[in-house]
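Here is how the chains run, residue by residue.
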Amino acid sequence: MRNLVRSKRFWLVAPAVVYIAFFMAIPLLQMAYVSVLERGEYGGVNWGVFSFDAYRNFIFERDLMDNLMINTDYLQVFARSFGLSAMTMTFALILGFPTAFYISTQAQSRRNFLIFLVTIPFWTNILVRNYAWILLLRNGGLVDNLLGFFGWETGGLDILYTPYAVSIGLTYTYLPFMVLPIYASLEKLDHRLIEAAFDLGADKRRAMMRVILPLAAPGIAAGCILVFVPCLGAYVTPELLGGGKFNMIANLIGSQFGSARNWPFGAGLGFVLLAVVLLSMVAYSLKFKSLPEDKS
Amino acid sequence: MNIRSVLLGASALAVLSVGSAKADESLFLYNWSNYFPPELMEKFEADTGIKVTLDVYDSNETMLAKLQAGASGYDIVVASDYMVDTMIKDGLATEFDAKSLANFKNVAKPHDTLKYDPERKYSVTYLWGTTGFTYDGAATDAKLEQSWKEFFEPREEFRGKIGALNDEVEMYNAASYYIGIPKCTEDPAEAQKVLDVLLKQKPFVAVYSSEGTIDRMSAREVQMHMQWNGAAHRTKASIPEAVYVYPKEGLTYWSDHFVVPKGAPDFENAKTFINWMMQPENAAAASNYAGYMNGIKGAGEFMDESLKTDPAVNMPDEYASLLVAGQNCSAKARDLRNRVWTKLKN
C-alpha cells in the first residue's frame, strides 16, 4: 500500500521535475559552462577552451601598464539595479498593502471581482503597457495636461526618460505581484484574533501593528521577493521609460551578447546576479521557515 | 471498410502529398525590421512559386549572435559591410559566387565589389546609405553648420531635444569622426576622448533609441535626431522643414548585403531570390519602400521621384568625399568601445 502511494506520488511529480530539469537546469548549466570559456575572436566562444576572465573582469581591469586595477563600472550598474529595485519594492508595498487589506475586508463575491481587476494588466503585453506610459508621462501628455487642468502649470513635466519614470513604470508593472500574496495571507487571517485584540484593550493602530502585520508578514515577504527579483532583471522599462540613458543589469547583459560580442562576460554577469538572488531567497526561507499555508 | 472509402483515402493522400511537395519550395529570409516591402515578397512568390518567410532583427550583432548560437533554417540574412567580413572569417557564410548569377551584370560600380568580399563570392548588394543627423528647421532661426558640432555640442534651442541612436557602433563612430581619431582605435587615451565627447553631450540628449526615430521627430518630441538617411527621408513626409546634415568631419557610409548563411536548407532558392532581387524593378521597389539607394543599374526609372529629388537619399556629389566606409574593428578596439559605452550609460 505504501509503495502504491509512493509510486503514485512519483508519477504525479515526475512531469514537473522533468520540465524543470529540461527548461531550467539545462540552460543554467549551459550558461555556467559558457561563462568559464574563452571568448571567440569574432564573438561567440571557443568551445572547450577555459578562461576565468569573465569573473575577473567583473571587478578588475588592466590599465595601460597591464596592472590589475579595481573597476567599479559594473558594480555601479549592480548598485543602481538594486537601488531601483528596492525603491520599486517599497512603493509597491506602500500601495499594495492597503489595497490587499481593503480587498480582504470585503464580502466574498466582491473580493473575487476586485482580485480579478488587479489581474487585468496581465492581459496586455508589457511592451504595449510601457509605450502607454510614454504617452502618459511625456511633456504635453495626459499627466502633464491633468496637472495643468488642476492649476499646476508644470511648464513641461520633464519626467519621461528619467529614473523616476523607470521607477513609476516598474512599480506599475509589479504591483499585482505585491497585492496577491499579501491578500492571500490576509484572507486566511482569523478575524477572531483581531476581535480578541480589541477586547483586550488594543486600539486600531496597536491591533494592526501587533496582530495583523505579524500575521501578514509571510505574505509581505513573499510579495517583496516577487517584486524585487524580477525588477533586478528588468530590461524593457529602463530602455523605454529611462530613454536608454543608464543601464540596469539586464541591459548590460544584453549588450555583452550583442555589440560587445563577449558571451562569457554576459553569462558571468547572469551568474553573479543569480547568486545574489539565491542568497536573498535563502535569507527569506531562514526567516520564514514554514509556508504561509501552515500558519492556520 | 469498403473499396470506396479506401479510394477516397488514397486520393486524399495523393492530394495532400502534392500539396506538401509544392509547399516545400520555401525561403527563410532574416532581415532588419521595416526594411523589406511585404508586396515584394508576394511578387516573388507569384513569379517563382517560392514561399518567403520573414524574420527580423534590430542590429547586425543580434543577427550574428543568433547564427553563432547555432540558429539554423535561415536561407538568406542581410548583413552590413563589416559584418560580412565577420561572417566570412567566422565561417558563417556560404560561398555562392554571385558573379555566376545571370543578373549580376545589372550591378552598378562600385557595388560589384566589396572591400571585405572583393570577388563577391559570398555577398550581393541590397541597399546602402549614410548615418548623419536630421534637425527640424522650424525649431531654429539659425542656419546650422554642416558639422557634428551641432549634434554633440548643441545650440540652446536643441538642448534636451536631441535623440541619439541607441547603437554603440554608430555613436562611437560619429564622435570619433568629430574629434578626428580612428574609429577602431586601440589606444585607451583616444577612447577616453570619445567618451568625453559623449559624456558632454549626454545632458542634452532626451533619449537614446534606434527605434521609432521617425515618429519621435514627427511628434516633435525631439527636434534633432541621429538618423539613417532613409529614415530622414521618411521624416520629411511629416516635417517638410527637416534637414539631413552631411557633417564636414565625415559620416558613415554603410552598405547592406544578402549573405547565404552556413547550412541554408534551400540553397538553390536562395540563389533564385538573390538573382531576382538584382532585377531593376525589384531593387527599385525595395528602395521606394525603405528610402535607401540600391546598387542596381536601371533601377532609377522605377524609383519614386521624391527619392531622386531628396538630397538625403540621392546624395549630391560634393559630399562624396565625406563618406567613411564601415570597418571591422579588432576585439581589442571593440572592448574599448564597449567600455566607453558602459561608462556613458553609468
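In this text, all values refer to a predicted model and were calculated from it rather than measured experimentally.

The rules behind these values
- Residues numbered from 1 in each chain as written.
- Chains lettered and ligands numbered in written order.
- Predicted model: local features only at pLDDT ≥ 70, side-chain atom pairs only at ≥ 80, totals over all residues.
- Heavy atoms only, no water.
- Patch = residues over 30% accessible without salt bridge, like charges linked within 9 Å, V, L, I, M, F, W, Y side chains within 5 Å.
- Areas by Shrake-Rupley, 256 points an atom, 1.4 Å probe, with all protein chains shown as cover.
- Salt bridge = Lys/Arg side-chain N within 4 Å of Asp/Glu carboxyl O.
- Helix = DSSP H or I, 4+ residues; strand = E, 2+ residues; numbered from the N terminus.
- Contact = heavy atoms within 4.5 Å.
- Buried area = accessible area lost by both parts, 1.4 Å probe.
- Phe/Tyr/Trp six-rings, centres within 6.5 Å; stacked < 30°, edge-to-face > 60°.
- Buried < 20%, exposed > 50% of the residue type's maximum accessible area, 1.4 Å probe, protein only.
- Lys NZ or Arg CZ within 6 Å of the ring centre and 35° of its normal.
- UniProt positions renumbered as here; feature names shortened; annotations may be inferred.
- Core = buried A, V, L, I, M, F, W, Y, C linked by side-chain atoms within 4.5 Å.
- Domains from an automatic or database assignment.
- Polar contact = N/O pair within 3.5 Å; in protein donor to acceptor, adjacent residues only side chain to side chain.
- Axes fitted to C-alpha atoms, helices over the stretch in contact; angles between N-to-C directions.
- Nonpolar A, V, L, I, M, F, W, Y, C, P; charged D, E, K, R; others polar.
- Disulfide = S-S within 2.5 Å.

Q: I keep staring at a nonpolar patch on the surface and nothing clicks. Help me out?
A: Residues and elements named next belong to chain A. A contiguous nonpolar patch, built from Tyr-19, Ile-20, Phe-22, Phe-23, Met-24, Ile-26, Leu-28, Leu-274 and Leu-278 and spanning about 910 Å² of accessible area, is present on the exposed surface. Counting only elements with at least two residues in the nonpolar patch, the list comes to helix 1 (2-35) and helix 12 (263-287). Broken down by element, the residue count for the nonpolar patch peaks at seven residues, all from helix 1. You can see Phe-22 is positioned in helix 1.

Q: Would you mind showing me how to read the interface of chain A and chain B here?
A: For interface size, the figure often reported is the accessible area lost on association. Listed by partner, the interface residues are 32 residues for chain A and 34 residues for chain B. Carbon and sulfur atoms make up 44% of the area that chain A and chain B hide from each other, which totals about 2,700 Å². It is Tyr42(A), Lys245(A) and Arg261(A) in chain A that bury the most area against chain B; as a group they hold 26% of the surface buried on that side. Remark: the boundary between chain A and chain B carries three salt bridges. A salt bridge links Lys343(B) to Asp73(A), with the shortest nitrogen-to-oxygen separation between them at 2.9 Å.

Q: Honestly, the packing of aromatic side chains in this entry has me stumped. Any pointers?
A: Working definition: an aromatic ring pair is given by the centre-to-centre distance plus the angle between the planes. Residue and element names in this part refer to chain B. In the structure shown here, the tally under the stated rule is 41 aromatic pairs over all chains. Centroid distance Phe-151 to Phe-152: 5.0 Å. Interplanar angle 70°. Geometry classified as edge-to-face. For the pair Phe-151 and Phe-152, one class covers both residues: buried. Three or more aromatic residues joined by ring pairs make a cluster, and in this case those are Tyr-35, Phe-36, Phe-44, Tyr-126, Trp-254, Phe-258, Phe-273, Trp-276 and Tyr-292. Above the ring of Phe-204, the side-chain terminus of Arg-159 is found at 4.8 Å from the ring centroid. When the ring centre of Tyr-208 is taken as origin, the NZ or CZ atom of Lys-345, which lies over that ring, is 5.5 Å away.

Q: How should the UniProt feature "transmembrane region" (unreviewed entry) in chain A be read in this particular structure?
A: Residue and element names in this part refer to chain A. Those residues carrying the UniProt feature "transmembrane region" (unreviewed entry) are residues 12-33, 77-101, 113-136, 164-184, 211-236 and 265-286 in this numbering. Within the segment residues 12-33, helix and strand shares are 100% and 0% respectively, and the terminal C-alpha atoms sit 32 Å apart. Across residues 265-286, helical content stands at 100% and strand content at 0%; the span's end C-alpha atoms are separated by 32 Å.

Q: Could you clarify how one ought to interpret the nonpolar core in this entry?
A: Generally speaking, soluble globular proteins have nonpolar side chains that are buried together. All names here are of chain B. Formed by 101 residues in total, the largest nonpolar core has its most connected members in Met-87, Trp-148, Phe-151, Phe-152, Phe-273 and Ile-274. Among the elements that take part in this core, helix 6 (residues 168-179) stands out by supplying seven residues, more than any other. A domain-level breakdown of this core finds at least three residues from each of domain 1 (23-128 + 254-309) and domain 2 (131-250 + 316-344).

Q: Please explain the UniProt feature "binding site: spermidine" (unreviewed entry) in chain B as it appears in this structure.
A: The UniProt entry lists Tyr82(B), Asp167(B), Glu168(B), Val169(B) and Glu170(B) under the feature "binding site: spermidine" (unreviewed entry), expressed in the numbering used here. Relative to the elements of secondary structure, Tyr82(B) occurs in helix 4 (residues 81-89). Setting aside residues up to four positions removed in sequence, Tyr82(B) forms contacts with Arg261(A), Asn60(B), Glu61(B), Tyr116(B), Val169(B), Gln327(B) and Asn328(B). Within the local environment of Tyr82(B), its side chain forms a polar contact with the side chain of Glu61(B), the two groups lying 2.9 Å apart. Along the chain, Asp167(B) falls in the loop between strand 5 (162-164) and helix 6. Judged by its relative accessible area of 17%, Asp167(B) falls in the buried class. Residues in contact with Asp167(B), not counting those within four places in the same chain, are Ser210(B), Trp228(B) and Trp341(B).

Q: Just checking my understanding: could you explain unusual backbone geometry for this structure?
A: Generally, phi is negative for residues other than glycine and the peptide bonds are trans, each holding for most cases. Residues and elements named next belong to chain B. Omega for the bond connecting Lys-109 with Pro-110 falls within 30 degrees of zero, at 0°, which places this linkage in the cis form. You can see Pro-110 is positioned in the loop between helix 4 and strand 4 (123-136). If you check the backbone angles, Asp-97 has positive phi at about 55° while not being a glycine. One can find Asp-97 in the loop between helix 4 and strand 4. In this structure, Arg-220 takes a positive phi of about 55° despite not being glycine. Tracing the backbone through its elements, the reader meets Arg-220 in the loop between helix 8 (213-218) and strand 7 (224-228).

Q: Can you help me understand the domain arrangement of chain A in this one?
A: Residue and element names in this part refer to chain A. Taken as a whole, chain A is organised into domain 1 (1-35) and domain 2 (71-295). For domain 1 versus domain 2, the distance between C-alpha centres works out to 30 Å. Listed as interface residues are five residues of domain 1 and, on the opposing side, seven residues of domain 2. Counting each side, the surface lost to burial between domain 1 and domain 2 is near 470 Å², with a carbon and sulfur contribution of 87%. Looking at the side of domain 1 facing domain 2, the largest losses of area belong to Met-31, Val-34 and Ser-35, adding up to 74% of the total buried there. Applying the counting criterion to the domain 1 and domain 2 interface returns zero salt bridges. Put simply, domain 1 and domain 2 have zero residue pairs in polar contact (both at pLDDT 80 or more) between them.

Q: I tried to follow the environment of Leu67(B) on my own but got confused; where do I start?
A: Along the chain, the position of Leu67(B) falls in helix 3 (residues 60-68). Excluding its chain neighbours within four sequence positions, the residues that come into contact with Leu67(B) are Tyr74(B), Val77(B), Met87(B), Leu92(B) and Pro261(B).

Q: Looking at this structure, I do not really get the packing of helix 5 (residues 126-137) of chain A against helix 6 (residues 142-149) of chain A. What am I missing?
A: A pair of packed helices can be characterised by two numbers: the angle between their axes and the separation between those axes. All names here are of chain A. Where helix 5 meets helix 6, the axes come as close as 4 Å, and the angle between the chain directions of the two elements is 35°. Along its contact with helix 5, which presents Leu-135, Leu-136 and Leu-137, the element helix 6 presents Leu-142, Val-143 and Asp-144. The residue makeup of the contact of helix 5 with helix 6, split by class, is five nonpolar, no polar and one charged.

Q: Hey, could you run me through the state of the cysteines in this one?
A: A covalent bond between the sulfur atoms of two cysteines is referred to as a disulfide. Applying the stated criterion across every chain yields a total of one disulfide over all chains. Bridging Cys184(B) to Cys329(B), the disulfide has an S-S length of 2.0 Å. Taking the sign of the S-S torsion, -70° for the link of Cys184(B) and Cys329(B), the bridge is left-handed. One end of the pair, Cys184(B), is in the loop between helix 6 and helix 7 (188-201); the other, Cys329(B), is in the loop between strand 11 (323-325) and helix 13 (331-344), with 145 residues separating them in the sequence. With respect to burial, Cys184(B) and Cys329(B) carry one shared label: buried. The cysteine Cys231(A) is free of any disulfide, with Cys224(A) supplying the nearest cysteine sulfur at 11 Å. Under the relative-accessibility criterion, Cys231(A) is labelled buried at 0%.

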